[in-house]
Amino acid sequence: MKTTLQKFFTPPEATDLDETRRRKLLNILLVSMSILTVMGIIFAAIDVLSRGKPSQDLMLIFISGPILLLLIAGISILNRKYSGKIAGTIFLLVLLVLFYFTDSPAELAGGRSFFVFIIPVTIASLLISPAMSFIFAFLGSLEIFFITISIGTSPNYAGFIGLFLVAIISWLSARGLEQALHDLRVVNAELDQRVVERTKELSAALTRETVEAGRREAILNSIADGVIVFDRNGTAILSNPSTTNLIHKSQSEIVGMGLNDLLDSEDVKPEDRGSLAALLEKSAQDISNLRVQWGRKTLSVNAAEVRDGTSQTIGTVAVFRDFTREAELEQMKNTFIAIVSHELRTPLNAILGYAEMLKEAVYGQVNEKQKNVSSRIMTNTQRLLEIVSDLLDQAQIEAGKLKIQMVACKPAVLLDNVRGVMEKFASDKNLNLITELDPSMPSMIIGDPQRLQQIIVNLTNNAVKFTDSGSVHVKVAPFGEKNWQIQIIDTGDGIPKDALAYIFESFRQVDGLSTRQHGGVGLGLSIVKQLVERMNGKITTESEIGKGSTFTVTLPLITQDVSSTVPPSRQE
Amino acid sequence: MSELALIIEDDEDLAEIFGQALKAADYTIEIIRDGLVAQERLGQVVPTVITLDMHIPHVSGKTLLDQIRADERLTKTRVVVATADAQLGEAMRGMADLVLIKPITFTQLRDLTFRLHQKK
């Protein structure tokens with residue numbers, strides 16, 4: 001109903017908002033006028049019927065009523081189709097004319113009906129334009145002026161002033177209203193503009209974000225390594241297609257999976273699960289490139305914490321690299337070294353044996369010179385054998401085949417054996433080889449005698465090699481309550497500070513020259529370090545140029561037989 | 001006649017060296033380079049010392065060692081396992097009298113076996 005009325009009152013062509021408002025107002029006035037006119041006609045009719053005899057006034061209504069309705073209709077058409085201002089002006093002029101017939105000229109000019117002239121003044125300010133109130137105040141005054149002349153009274157000057165006063169007030173209020181409406185429209189327009197701009201910005205940002213996200217996803221999807229992102233609770237929240245290729249689980253399967261569920265797969269060896277979980281849960285700083293077997297593939301896994309802008313940990317990102325080919329190559333290399341080393345040993349053993357037999361005169365007497373040559377063959381063969389042994393050990397360590405066999409062994413025997421192996425070598429260089437067993441050292445400990453001996457012999461051999469005069473001191477003693485130590489102290493050249501960092505690396509010697517001078521391929525210390533670490537121990541070096549070096553191996557002290565099923569070694 | 005030493009070793013040169021070492025340790029030596037021959041010979045003779053290579057043709061060193069340990073006639077026979085494989089050597093320590101990891105030198109074998117000889 002309300003909207004129908006609204007439609008009815010609103011002019012069809014709504015271009016100027018003020019014009020529209022005025023035309024609408026005029027429409028309302030016209031409708032009201034029509035209703036009032038119709039009501040007037042009805043009242044007149046009722047009056048005629050009740051009194052039986054029509055008065056002159058009523059007759060006037062009967063005649064003028066329809067004329068007025070026709071006029072209203074005309075103005076309405078004008079208002080709707082052409083101009084609101086013209087229609088309004090005509091409407092108000094009609095009103096002025098109409099007023100003339102509403103009361104006696106005397107009452108109109110200054111009596112009870114004078115107020116009707118205020119109506120066109122106020123309506124003109126609203127309906128046509130604020131300043132039009134003055135025009136209609138003037139027209140009203142003119143009409144009153146002629147009325148007063150026609151009835152022969154003096155003009156109502158006070159009334160004229162009153163009309164102009166009303167005109168001023170109407171002008172001011174209409175102007176204020178229009179100004180306020182105008183300001184409101186400006187504010188609205190600005191707001192609209194701002195909304196449009198903001199919407200544009202948001203849409204641009206959204207597009208950018210979508211493009212950026214798409215680009216990131218494309219990058220993630222084209223990485224050859226598998227990537228899984230876990231949230232703080234260890235639930236996978238993101239993965240890429242490479243992961244699917246590596247662990248044979250689809251992206252949708254992986255996302256939402258808990259860490260434990262992911263690892264609890266028959267593809268993952270039970271022994272690998274613990275270390276993988278440790279890496280991924282705590283993203284342990286010290287583990288990197290963790291090698292695990294996943295189904296048929298060998299994977300190298302790394303993990304890092306993901307932090308947001310405020311350095312808060314929001315999860316872990318794990319990267320899985322296919323290491324299968326590398327692992328195969330490594331395996332081939334190790335197998336190759338093992339075979340070659342093994343095959344080298346047999347003929348070397350034969351050379352050593354024959355040289356020794358020549359020297360020992362098994363095949364008849366030899367002279368001093370021949371004995372010397374035999375010794376030289378033996379020494380060089382021994383050196384070659386050492387290198388082959390080192391290579392074999394290194395290969396075994398790398399292949400993870402080297403096993404530490406914990407059995408009961410006697411430190412005293414270890415030292416005796418070392419002395420047996422190294423004494424001649426030391427005395428040949430006029431070095432004093434001292435072996436010292438601390439009295440508080442338990443007489444029986446649990447360890448791998450073969451590997452312990454290898455550690456001590458390697459370090460002592462190294463010390464003798466790099467010491468030209470003085471002594472090499474091998475010391476075994478308890479260290480604290482839970483550890484024991486092997487110390488090899490020499491009076492050699494010492495190791496430069498910058499070299500201390502890499503002396504335990506494979507195939508390294510302090511400088512290229514000393515390799516030639518001292519022999520070996522630079523594996524001895526590397527093997528020692530790896531053996532010590534396999535025994536959960538630590539090796540440290542202190543050295544002073546010109547004074548000598550001290551190598552200290554610290555190992556956990558185990559005195560009770562923890563693996564009683566392993567028979568005690570017969571070596572002791 | 002001096003005591004018998006069996007050298008079960010397939011490498012010709014090592015067999016020669018071990019043979020000479022045992023000869024120098026005052027044993028009568030017999031070199032066998034095949035597992036099947038070794039099995040047969042072990043049923044016929046009672047050696048004082050046997051040097052046993054773990055990798056010989058046809059029969060493994062481990063099988064031979066088991067056979068020796070199961071044979072009542074050979075309870076006094078000392079078995080010296082000679083192997084290049086340190087791991088295997090460690091595993092044999094419980095059954096062998098001596099385990100020598102190759103390279104094994106002439107004097108080493110001579111002196112060790114000479115001591116076994118003297119103990120008897």
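Residues numbered from 1 in each chain as written. Chains lettered and ligands numbered in written order. Predicted model: local features only at pLDDT ≥ 70, side-chain atom pairs only at ≥ 80, totals over all residues. Heavy atoms only, no water.

1. Examining the overall build of chain B
Heads up, the condition is: Only DSSP runs of H or I reaching four residues or more are called helices, and only runs of E reaching two or more are called strands; each is numbered from the N terminus. Only the C-alpha atoms count toward the radius of gyration. The rule for a globule is 2.2 Å times the residue count to the power 0.38.
Within chain B, the secondary structure is distributed over 5 helices and 5 strands. From first element to last, N terminus to C terminus, chain B shows the α and β order β-α-β-α-β-α-β-α-β-α. The C-alpha atoms of chain B give a radius of gyration of 13 Å, which matches the 14 Å a tight globule of 120 residues would have. In terms of principal-axis extent, the alpha carbons of chain B reach across some 30 × 30 × 25 Å.

2. What about the overall build of chain A?
To keep things clear, this is the line we draw: Contact between two residues is taken to exist if any of their heavy atoms lie within 4.5 Å; hydrogens are not considered. Note on charges: Lys and Arg go in the positive column, Asp and Glu in the negative column, and His and the chain ends are not counted at all. By convention, the charge on Lys lies at NZ, on Arg at CZ, on Asp at CG and on Glu at CD.
When helices and strands are counted, chain A shows 19 helices and 12 strands. The C-alpha radius of gyration of chain A comes to 57 Å, more than 25% above the 25 Å expected for a compact globule of 572 residues. In terms of principal-axis extent, the alpha carbons of chain A reach across some 180 × 50 × 45 Å. Sequence-distant contacts in chain A: of pairs separated by 6 or more residues, those separated by 24 or more amount to 60%. Of the charged side chains in chain A, 56 are positive and 61 negative; the average position of the first set lies 4 Å away from that of the second.

3. Remarks on helix α7 (residues 132-151) of chain A
Think of an α-helix as 3.6 residues a turn; residues three or four steps apart then line up on the same face. Residue and element names in this part refer to chain A. To keep it simple, the criterion reads: By this rule, a helix spans an expected 1.5 Å times one less than how many residues it contains. Accessibility here uses a 1.4 Å probe with only protein chains present; expressed as a share of the type maximum, an area under 20% marks a residue as buried, one over 50% as exposed, and anything in between as partly exposed.
With 20 residues, α7 ought to run about 28 Å at 1.5 Å a step, and its terminal C-alpha atoms sit 29 Å apart, in line with that. Among the residues making up α7, those that are buried are Met132, Ser133, Phe136, Ala137, Gly140, Ser141, Glu143, Ile144, Ile147 and Thr148. Contact partners of the buried residues in α7: α4 (84-100), α5 (105-110), α6 (118-127) and α8 (157-222).

4. A short note on the pairing of strand β5 (residues 98-101) of chain B
Residues and elements named next belong to chain B. Threshold: A strand pair is defined by DSSP finding two or more bridges across the two strands. Note on handedness: a clockwise path from strand one over the helix to strand two, with the strands aimed away from the viewer, defines a right-handed crossover.
Strand direction decides the pairing type here: strand β4 (residues 78-83) and β5, joined by 4 bridges, are parallel. Each bridged residue has a counterpart across the sheet, and for Val81 the counterpart in β5 is Val99. Of the crossover connections in this fold, the one passing from β4 over helix α4 (residues 86-92) to the parallel β5 is right-handed.

5. Concerning the interface of chain A and chain B
Just so we agree on the cut-off: For this document, the term salt bridge refers to a Lys or Arg side-chain nitrogen within 4 Å of an Asp or Glu carboxyl oxygen. Under this definition, polar contacts are N or O atom pairs within 3.5 Å; protein pairs additionally need one hydrogen-donor-capable and one acceptor-capable atom, and for neighbouring residues in sequence, both atoms have to be side-chain atoms. Gly is placed with the polar residues, together with every amino acid not listed as nonpolar (Ala, Val, Leu, Ile, Met, Phe, Trp, Tyr, Cys and Pro) or charged (Asp, Glu, Lys and Arg).
Of the residues lining the interface, 24 residues belong to chain A; the matching set on chain B comes to 21 residues. Of the charged contacts in the structure, one is a salt bridge between A:Glu360 and B:Arg110, with a shortest N-O distance of 3.3 Å. Counting every contact that joins chain A to chain B gives 8 residue pairs in polar contact (both at pLDDT 80 or more). Of all the elements in the fold, those that place two or more residues in the side of chain A that touches chain B are α13 (324-359), α14 (368-398) and α16 (449-465) of chain A. In terms of residue count, α13(A) provides more of the side of chain A that touches chain B than any other element does, 10 residues in total. Per-class residue counts for the side of chain A that touches chain B are 7 nonpolar, 10 polar and 7 charged.

6. As for α6(A)
For α6(A), the complete set of buried residues consists of A:Pro120, A:Val121, A:Ile123, A:Ala124, A:Ser125 and A:Leu127. Those residues of α6(A) that are buried are in contact with α2 (17-51), α4, α7 and α8 of chain A.

7. A look at the pairing of strand β12 (residues 548-556) of chain A
Residues and elements named next belong to chain A. Where burial is concerned, most of β12 is hidden: 8 out of the 9 residues are buried. Bridge analysis of strand β11 (residues 538-544) against β12 gives 7 bridges, and the strand direction is antiparallel. In the sheet register, Ser543 faces β12, and the bridge partner there is Ser549. The hairpin turn running from β11 into β12, its antiparallel successor, is 3 residues long, and Gly546 in that turn takes a positive phi close to 90°.

8. As for the sheet that holds strand β1 (residues 4-8) of chain B
Residue and element names in this part refer to chain B. Here is the rule we go by: Angles run from 0 to 180 degrees between N-to-C directions of axes, and those axes are lines fitted to C-alpha atoms, restricted for helices to the stretch in contact.
The parallel open sheet is built from 5 strands, whose spatial order is β2-β1-β3-β4-β5. Each having just a single partner strand, β2 (28-32) and β5 make up the two edges of the open sheet. Between one strand axis and the next, the sheet turns through 15° on average, direction left out of account. Judged from the 4 bridges that link them, β1 and strand β3 (residues 49-53) form a sheet pairing that is parallel. Bridge pairing in β3 links Leu6 to Ile50. Packed onto the sheet, helix α1 (residues 12-24) meets β1, β2, β3 and β4 and runs at close to 165° relative to β1.

9. A look at the packing of aromatic side chains
Residues and elements named next belong to chain A. To be explicit about the condition: Ring pairs shown here join Phe, Tyr and Trp side chains whose ring centres sit within 6.5 Å, with only the six-membered ring taken for Trp; geometry is labelled stacked below 30 degrees between planes, edge-to-face above 60, and tilted in between.
Taken as a whole and assessed by the stated rule, the structure comprises 6 aromatic pairs over all chains. Arranged with centres 5.9 Å apart and planes meeting at 55°, the rings of Phe134 and Trp171 form a pair that is tilted. A residue pair is termed long-range when its members are at least 10 positions apart, and Phe134 in helix α7 and Trp171 in helix α8 qualify at 37 residues. Since its relative accessible area comes to 28%, Trp171 is described here as partly exposed.

10. Quick word on the domain arrangement of chain A
Note the following rule: What counts as a domain boundary in this text is fixed by an automatic or database domain assignment.
Domain annotation for chain A reports domain 1 (2-190), domain 2 (223-322), domain 3 (328-397) and domain 4 (404-556). Between domain 2 of chain A and domain 4 of chain A, the C-alpha centre-to-centre distance is 41 Å.

11. Points about unusual backbone geometry
Following B:Lys102, the chain continues to B:Pro103 via a peptide bond in cis, the omega torsion being 10°. Tracing the backbone through its elements, the reader meets B:Pro103 in the loop between β5 and α5 (106-119). Positive phi, normally seen in glycine, also occurs at A:Ser311, with a value near 65°. Tracing the backbone shows A:Ser311 in the loop between β4 (297-307) and β5 (313-322). The backbone of B:Asp26 shows a phi angle near 75°, a positive value even though the residue is not glycine.

12. Quick look at the nonpolar core
Residues and elements named next belong to chain A. Stated formally: We call a set of buried residues a nonpolar core when its members are Ala, Val, Leu, Ile, Met, Phe, Trp, Tyr or Cys and they connect through side-chain atoms within 4.5 Å of each other.
Residues Ile455, Leu459, Trp484, Ile486, Phe551, Val553 and Leu555 are the most contacted members of the largest nonpolar core, which totals 42 residues. Where this core is concerned, the elements lending two or more residues are α15 (411-428), α16, β9 (471-479), β10 (483-490), α19 (524-534) and β12. At 7 residues, α16 tops the list of elements feeding residues into this core. Once you skip the residues sitting within four places of it in the chain, Val553 turns out to touch Ile455, Leu459, Trp484, Gln485, Ile486, Val532, Lys538 and Ile539.

13. Structural notes on the sheet that holds β11(A)
Sheet strands pair via backbone hydrogen bonds, and the direction of the pair is either parallel or antiparallel. Residues and elements named next belong to chain A. Pairing is mixed across the open sheet formed by 5 strands, whose spatial order is β7-β9-β10-β12-β11. Edge positions in the sheet fall to β7 (432-437) and β11, since each of these pairs with one other strand and no more. If you compare each strand with its neighbour and ignore which way they point, the axes differ by 15° on average. Packed onto the sheet, α15 meets β7 and β9 and runs at close to 180° relative to β7. The sheet strands contacting α19 are β11 and β12, and the helix crosses β11 at an angle near 140°.

14. Section: the packing of α15(A) against α16(A)
Residue and element names in this part refer to chain A. Rules: Throughout this description, any angle smaller than 35 degrees is read as roughly parallel, any larger than 145 degrees as roughly antiparallel, any in the 65 to 115 degree range as roughly perpendicular, and the remainder as oblique. Crossing handedness follows the turn of the near helix against the far one: under a right angle anticlockwise gives a left-handed crossing, and clockwise gives a right-handed one.
Where α15 meets α16, the closest approach of the two axes is 10 Å, and the angle between their N-to-C directions is 30°. Classified by the interaxial angle, the pair formed by α15 and α16 is roughly parallel. Note on packing geometry: the crossing formed by α15 with α16 is right-handed. For the pair α15 and α16, the contacting residues are Leu414, Asn417, Val418, Val421, Met422, Phe425 and Ala426 in the first and Pro449, Leu452, Gln453, Ile456, Val457, Thr460, Asn461 and Val464 in the second. Among the residues forming the contact of α15 with α16, the class breakdown is 11 nonpolar, 4 polar and no charged.

15. Considerations on a nonpolar patch on the surface
Heads up, the condition is: Residues with no salt bridge and a relative accessible area higher than 30% make up the patches, which join like charges within 9 Å and nonpolar side chains (Val, Leu, Ile, Met, Phe, Trp, Tyr) within 5 Å. Areas reported here follow the Shrake-Rupley algorithm with a probe of radius 1.4 Å; residue values treat only the protein chains shown as occluding.
A cluster of nonpolar side chains, contributed by A:Ile35, A:Leu36, A:Val38, A:Met39, A:Ile42, A:Phe43 and A:Ile46, occupies part of the molecular surface with about 660 Å² of accessible area. You can see A:Phe43 is positioned in helix α2.

16. Details of the pattern of salt bridges
Residues and elements named next belong to chain A. Taken as a whole, this structure holds 22 salt bridges over all chains when the rule is applied. Salt-bridge contacts for Glu305 lead to Arg307; the nearest nitrogen and oxygen are separated by 2.7 Å. Assessed through its relative accessible area of 34%, Glu305 is described here as partly exposed. Here Asp468 ties to Lys429 by a salt bridge, and the two come within 3.9 Å at their closest N and O atoms. Here Asp468, found in the loop between α16 and β9, pairs with Lys429, found in the loop between α15 and β7; they are 39 residues apart in sequence, far enough to count as distant. By relative accessible area, which is 27% here, Lys429 ends up partly exposed. A single salt-bridge network, built from bridges that share partners, covers Arg21, Arg22 and Glu178.

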